[in-house]
Amino acid sequence: MFIFLIAVAFLLIAYGEAVPLYRQKKYSELAVMGVVWSLGLALSLALVLNLPLPNPTDWMERLMVPLFRLLETFLGSL
Amino acid sequence: MLGSREEGFIDPWQGAILLWFSVLPTAILFLPSLLVSRAQQDAWIAVVVATLLTVPLAVLIGWLLGRFPGKTLFQASEAILGKILGKAFALFYVLAFVQLNAIVLREFGEFLVTAVMPETPLIVFTVTLTALTIYAARNGLEVIARSAQFILPLMVSFFVIVLVLVTPKMSPRNLFPLFEGGLGSLLLGAFIALGFTGEIIVMAIIGAFIQPTQGVKKSLVLGLAGILLFLTLTVIGGLLVFGASEAARLTFLAFSLARVISIGNFLERIEVLFMAIWVGGVFIKVTLNLYIAALGLATAANLTEYRPLCAPLAALTVVLSTWLFDSLTRVFFFVEQVFPIWALIWEFIIPFSLGFMALVRKVEGGRP
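Below you will find a few notes about this structure. (Residues numbered from 1 in each chain as written. Chains lettered and ligands numbered in written order. Predicted model: local features only at pLDDT ≥ 70, side-chain atom pairs only at ≥ 80, totals over all residues. Heavy atoms only, no water.)

1. A closer look at the interface of chain A and chain B
No. 1: Across the boundary between the two partners, chain A contributes 33 residues, which contact 36 residues of chain B.
No. 2: Summing both partners gives a buried area of about 3100 Å² for chain A against chain B, and 75% of it is carried by carbon and sulfur.
No. 3: Where chain A touches chain B, the interface holds five salt bridges.
No. 4: With a shortest N-O distance of 2.5 Å, R138 of chain B and E17 of chain A are connected by a salt bridge.
No. 5: Scanning the region where chain A abuts chain B turns up 10 residue pairs in polar contact (both at pLDDT 80 or more).
No. 6: Put simply, the parts of the chain that give the side of chain A that touches chain B at least two residues each are α1 (2-23), α2 (27-48) and α3 (56-76) of chain A.
No. 7: At 13 residues, α3 of chain A tops the list of elements feeding residues into the side of chain A that touches chain B.
No. 8: Broken down by class, the residue content of the side of chain A that touches chain B amounts to 21 nonpolar, five polar and seven charged. (Contact = heavy atoms within 4.5 Å. Buried area = accessible area lost by both parts, 1.4 Å probe. Salt bridge = Lys/Arg side-chain N within 4 Å of Asp/Glu carboxyl O. Polar contact = N/O pair within 3.5 Å; in protein donor to acceptor, adjacent residues only side chain to side chain. Helix = DSSP H or I, 4+ residues; strand = E, 2+ residues; numbered from the N terminus. Nonpolar A, V, L, I, M, F, W, Y, C, P; charged D, E, K, R; others polar.)

Written out as structure tokens, the structure is:
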């Protein structure tokens, strides 16, 4: 069900944006748009299919929460 | 203007309004409870400190736009850092804005689900809002500015009405004693608020389209003043009505503020109105971020148009907004403990190093 909805949404975007670009022969626009479009499609499909994905939020938390804690203890001593 | 991919112009006053909308919608709803839990009754002082700390960034943005008239941050970075590094910089900012947008979308959806419509799936809100923002972002900056101008009076008048109507429930004792928690917690609160106020970095991009060019200063001053005023009033209002210890426990302080209004059994449930207007504010914020991300990507890839990029970028944002966080708690944790440092990096440190590079390498303007 969800896969169907995702397919409809992304096909709509492709129809609305890519077809006019192709007709106007704006190929570099088409390429950049295609990259972003396929990135979104791949991510959403992976999400629906429950594939194991590395989440950037985890990395950012691992990197920055210790820094925040450091600041917290530093400011707490003021 | 050649190479800017945007034909429209906005006036300084519209620039200031866009600046408010780029900070206030999420800040009003999410920041107060985080601030109060850190700085207790001094939370409003933390807002003032954060705004004062943002002033150097505003000065830098004004200086950069004065040195590179009519150039967005992306174009200026290409002039300063050279072609490859400049494009990498622009791409980094596109990613940062897409992530910021995903966070804002998630906050928007989570708020509506938690506070108003608990039965509806989150994705419904994010998708409907995004569909609308694609349409608005494709129409360009002028249209965004005009819709912001339309929503602003509603927002301000409602804001004033809420604050006036809750005055009977206020007690000034809730603000004292001052500096009870010490300077440390106050500064930590200000640091968290800095991540929000630092979003005025959008001015480094939309400021290029402000006409006359000298008006950028006016927009920055008016923008910061408005942000300071509304944010402080919200936090002070929440503190006066609820007191520090209860306010820290309320997830959405501003929403609860509208909720306590009850006059003579007929003027009740105004919070729905608050919600409607807040949705309008978030709409502008998301549109602006989407517009900036598309413009940045178009600049980095040397495209003649940013418009075809809006829809795919928005789709990516929706996916990211569902993927990056698994719950509202996680969003709050991120906004409190991760975002301030991340924001410090890309909203403050990197632009300042860019300005420093421009000084050292003596890069100037280009055609106005």
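2. Section: empty space enclosed by the protein
Residue and element names in this part refer to chain B.
No. 1: Tallying each qualifying case throughout the model produces five cavities of 30 Å³ or more.
No. 2: In this structure, the largest cavity occupies an estimated 210 Å³ of space.
No. 3: In terms of lining, the largest cavity is formed by 14 residues, of which the most central are I28, M155, V156, F159 and F230.
No. 4: The set of elements that each furnish at least two residues to the lining of the largest cavity consists of α1 (12-39), α6 (141-165) and α12 (271-300).
No. 5: Among the residues making up the lining of the largest cavity, the classes are represented as 14 nonpolar, no polar and no charged.
No. 6: Lining the second largest cavity are F158, F159, V162, L163, T234, A254, L257, A258 and F274.
No. 7: Per-element tally for the lining of the second largest cavity: the top contributor is α6, with four residues.
No. 8: For the lining of the second largest cavity, the class distribution of residues is eight nonpolar, one polar and no charged. (1 Å grid on protein atoms, 1.4 Å probe; cavity = no way out; pocket = protein on both sides within 12 Å on 5 of 7 lines; lining within 4 Å. Points joined across faces, edges and corners; volume = space filled by probe spheres on them.)

3. Here's the deal with the side chain of T130 of chain B
All names here are of chain B.
No. 1: Counting through the fold element by element, T130 comes out in helix α5 (residues 122-138).
No. 2: The exposure class of T130 is buried, given its relative accessible area of 5%.
No. 3: Once residues within four sequence positions are removed from consideration, T130 is found in contact with L105, A314 and V318. (Buried < 20%, exposed > 50% of the residue type's maximum accessible area, 1.4 Å probe, protein only.)

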